[in-house]
Each structure stands twice: as structure tokens, then as C-alpha cells.
Amino acid sequence: MDYNRYKDETSLNFDVLKEIGSIGTGNAATALSTVLGRKISMTLPEVKLVEFNKAIYELGGPEKIVAAVLVEFSGEVHGVMLFLQNLKFINVVMEGLLERHIDDLRDITEMEVSALTEVGNIIISSYVNALSSLTGITMNLSVPSVSINMLGGIMNVPIAMYGYTMDKLLTINGTFECDGEEVYSRLLMLPNEESLDYIMQKLGVAN
Amino acid sequence: MKKPYIVGIADMKLCRAPGVLVTYALGSCIGICLYDNVIKTAAMVHIMLPTAPPGVPVENVYKFADTGVKEAVRKMVAFGAVRSRMICKIAGGAKMFETFNNPEWGNIGARNAKSVKEALRREGIRLVNEDVGADYARTLFFDSATGIGTIKAFGKPEKKL
């Protein structure tokens, strides 16, 4: 496997990755709209290959408090999906689902954590399903894990996973918009090197 | 307080009193503080993985616990620190996602902590205090004037190290 190709931004087919991202995020937004019964859309996805420290700052800074849902995918391709959301986004979900409002993430109840985990899981699953039917690649998903904490610590998970071979993170990410207003949330797909090559091959765009 | 020097991921910084070092949001990563009280000099390393892969040239020694500790101790000595006087304090090594049980990555924090301790033993450096494990991220400050660390975490009281 040619690892160097992944390290170099210019050799990645960003347009294809963007297309993959928008199919996934489009489905995720539809799923969330259905669950909450209100109009949710997603911005055009961004594809970025950036150094670890820079990636964290671009996502909001190391000490930003977020609720993160993590799902690992395996099978023909491997990697993790992360869904990051801030308090405002959580409240959009809580008001739609449980008719509750959370003032401080420190006071979040078990039931509310479980609801936000499930919503994260739905969003991630619909993204992966869309990608899977587009490419014909089978992807198995793990059970979702949740963490409400500093963004930097949460991002340690993918950073450690890819740290042996890389100094950069490849993220394909989208942001949700509720009733036309952007609310902090990031849906990240973090595939490993071999998987990226594999997806490209399946789509017939490998160079 | 003086503006602290920021230590990034897979990074190391060294300073003299009254300098303050900080590294933000340690998850499974570990912040290692080395300190020589006589010359009031401190070093902070932020490692992310337990051991450097064998047989591969290491581009960044501060990524790994074994190579990171070794190089930081060497730098401290170069700046006048004495091994027998040097102490160490560590923080981090958490398991951020409780149910993330990937056999290789689920317990990376604990493996990092173990590897740091082994590396310190090899270098003959005393580990005097630690705050590792649990399931939350830590921001670690270290004051080179006093040799005292401060840990900040979400929803937890501030802690001295």
C-alpha cells in the first residue's frame, strides 16, 4: 500500500470525497428531519487533510465542550464515524424529542444522554448506509459510544488510531442547519488509509 | 500568571522560572512534566502512543512515550538538570468512550500510562505524582517556579498535581 499518497493533499481526489460526503450527509439530514419533525438540512461537506493540532482548532478548539457519539465501522473498510454536537444542537434534539431543555451539560440526565446517543446513531447509520449502497461496500457498525467532554480529548481517539502512520487527519465533515440557521454539529468520517484506497477503487476513480 | 507556553499534541517545550507550560485537553494522551527544583527548569511532553514502531525511522520522537521521555530527559540534562534531582508528574491516559471496546484502541490510555512509567524507570527518573485514567479529558498546567501542576477538567474541581 502506498501510504505516501495519503499524506499528500494534491494526490487525493477531493471532488470524489466531497460527493461521497454529500450523499451521506444528505441522507443523515433527512433521517434527522424525520425524527424531529422539522426542517433540517446540511451544509455542503468539507474534505480536509490537516495536521492533528490544526484539525482540533478547526473543529472548535481543544477545550470546547461537546457531546460526541462514536461508531466504529469495519468489514471491507475500517475507520470511525464521529458526531459532535454542542449544547444548542442538543437542545434542538431534546425539544423535538423529549420536550425538554438543558441549561448546562453538567446536569444532563441519563435519559437525555441515551436520547442523544440514539439520535447520533441514527445520523451515523444513515450516512454509512448511503455510502454503502452507493459503493457496494459492506460496512459493519459497532454499538455507539458517547462522551460529553473536551473536544481535544475526544479527538485523541482517531488521532491515536492513525498516529502510527500519519501526522494528519482526513476528515469528511458536514454541519447541520436547523430552519436555515447553522448550529454547531460536525459529522466526521475518518477512514484509515487502506480503506480510502479501497473506496476509490470501488468507485472507479483510483489513480 | 504569565502567559503559558502551549505544548501541542506530539510536542515538547522546556522553560525556566517563571515560565508556565500548558497542554490542553489530554484524552488518552499523556502530559509528562519533568522538573529540576534547583535550576527551576521544567519540560512538558504530550505523547499520544505507547511505543515507537520497531524498524521504522521515527519522524517525531514526541509522539511516543518511550522515545518522548528519553529525548525530553536528554534535553533537560543538556539545559543543566541532574537526573538524580529530576522529578516527574504525569496526567492523562483516560478512556474517553466507556463502551468503545476495540481490542487495540479501547484501552490506549492505560497502555500509554504503562509505557510512560516503564520509560521513566529506564531513565531513572522518580515519578512523584500522577492523575491518570478515568473517562474525562484534562488540561494540564505546570509552573516552573514551584514545580506544581494544575489540572482542569469539565465538571470537576481544579486539582493540584
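Our structure is the block above this text.
Residues numbered from 1 in each chain as written. Chains lettered and ligands numbered in written order. Predicted model: local features only at pLDDT ≥ 70, side-chain atom pairs only at ≥ 80, totals over all residues. Heavy atoms only, no water.

Turning our eyes to something else, we now look at the packing of aromatic side chains. The tally for this structure, following the rule as stated, stands at six aromatic pairs over all chains. Between A:Phe89 and A:Phe176 the ring centres are 5.6 Å apart and the planes differ by 40°, which places this aromatic pair in the tilted class. In this pair, A:Phe89 sits in helix H4 (residues 87-97) while A:Phe176 sits in strand E8 (residues 176-178), placing the two residues 87 residues apart along the sequence. By the burial criterion, A:Phe89 is buried, and A:Phe176 matches it. Members of the aromatic cluster, connected to one another through ring pairs, are A:Phe83, A:Phe89 and A:Phe176. Above the ring of B:Tyr136, the side-chain terminus of B:Lys156 is found at 4.5 Å from the ring centroid. (Phe/Tyr/Trp six-rings, centres within 6.5 Å; stacked < 30°, edge-to-face > 60°. Helix = DSSP H or I, 4+ residues; strand = E, 2+ residues; numbered from the N terminus. Buried < 20%, exposed > 50% of the residue type's maximum accessible area, 1.4 Å probe, protein only. Lys NZ or Arg CZ within 6 Å of the ring centre and 35° of its normal.)

Attention shifts here to the sheet that holds strand E1 (residues 40-42) of chain A. Residues and elements named next belong to chain A. On the basis of which strands lie adjacent, the open sheet formed by three strands has the order E1-E8-E9 and antiparallel pairing. Edge positions in the sheet fall to E1 and strand E9 (181-182), since each has one partner strand and no second. Pairing geometry for E1 and E8, over three bridges, is antiparallel. If you follow Ile40 over to E8, its bridge partner there is Cys178. Sheet contacts for helix H2 (residues 14-36): E1 and E8; angle to E1, the most-contacted strand, approximately 165°. (Pairing = 2+ DSSP bridges. Contact = heavy atoms within 4.5 Å. Axes fitted to C-alpha atoms, helices over the stretch in contact; angles between N-to-C directions.)

Residue and element names in this part refer to chain A. The interhelical angle for the contact between H2 and helix H5 (residues 110-135), taken along N-to-C directions, is 140°, at an axis separation of 8 Å. One element, H2, and the other, H5, form an angle in the oblique class. H2 and H5 meet at a crossing whose hand is right-handed. Residues Ile20, Gly21, Ile23, Gly24, Thr25, Asn27, Ala28, Ala31, Leu32 and Val35 of H2 form the contact with H5, whose own contacting residues are Val119, Ile122, Ile123, Ser126, Tyr127, Ala130, Leu131 and Leu134. In terms of residue class, the contact of H2 with H5 is built from 13 nonpolar, five polar and no charged. (Parallel < 35°, antiparallel > 145°, perpendicular 65-115°, else oblique. Left-handed = near helix turned anticlockwise from the far one by under 90°. Nonpolar A, V, L, I, M, F, W, Y, C, P; charged D, E, K, R; others polar.)

Another point: the interface of chain B and chain A. At the junction of the two partners, chain B supplies 32 residues and chain A supplies 33 residues. Linking A:Asp167 and B:Lys63 is a salt bridge whose minimum nitrogen-to-oxygen distance equals 2.8 Å. If you look at where chain B meets chain A, you find twelve residue pairs in polar contact (both at pLDDT 80 or more). At the level of secondary structure, the elements contributing two or more residues to the side of chain B that touches chain A comprise strand E3 (20-26) and strand E8 (138-143) of chain B. (Salt bridge = Lys/Arg side-chain N within 4 Å of Asp/Glu carboxyl O. Polar contact = N/O pair within 3.5 Å; in protein donor to acceptor, adjacent residues only side chain to side chain.)

Residue and element names in this part refer to chain A. Here Met139 lies in strand E5 (residues 139-141). In the structure, Met139 is positioned 40 residues away from Glu99 in sequence and 34 Å away in space, judged by C-alpha atoms. Once residues within four sequence positions are removed from consideration, Met139 is found in contact with Phe73, Ser74, Val77, Val128, Leu131, Ser132 and Met189.

A word on the side chain of B:Asp66. All names here are of chain B. The topology assignment puts Asp66 in helix H1 (residues 65-78). For the buried Asp66, which has no salt bridge, the nearest side chain bearing the opposite charge is Arg122, at an N-O separation of 5.2 Å. Apart from the residues within four sequence positions on either side, Asp66 is in contact with Pro50, Thr51, Ala52, Ser115, Ala119 and Arg122. (Lys, Arg positive; Asp, Glu negative; His and termini not counted.)

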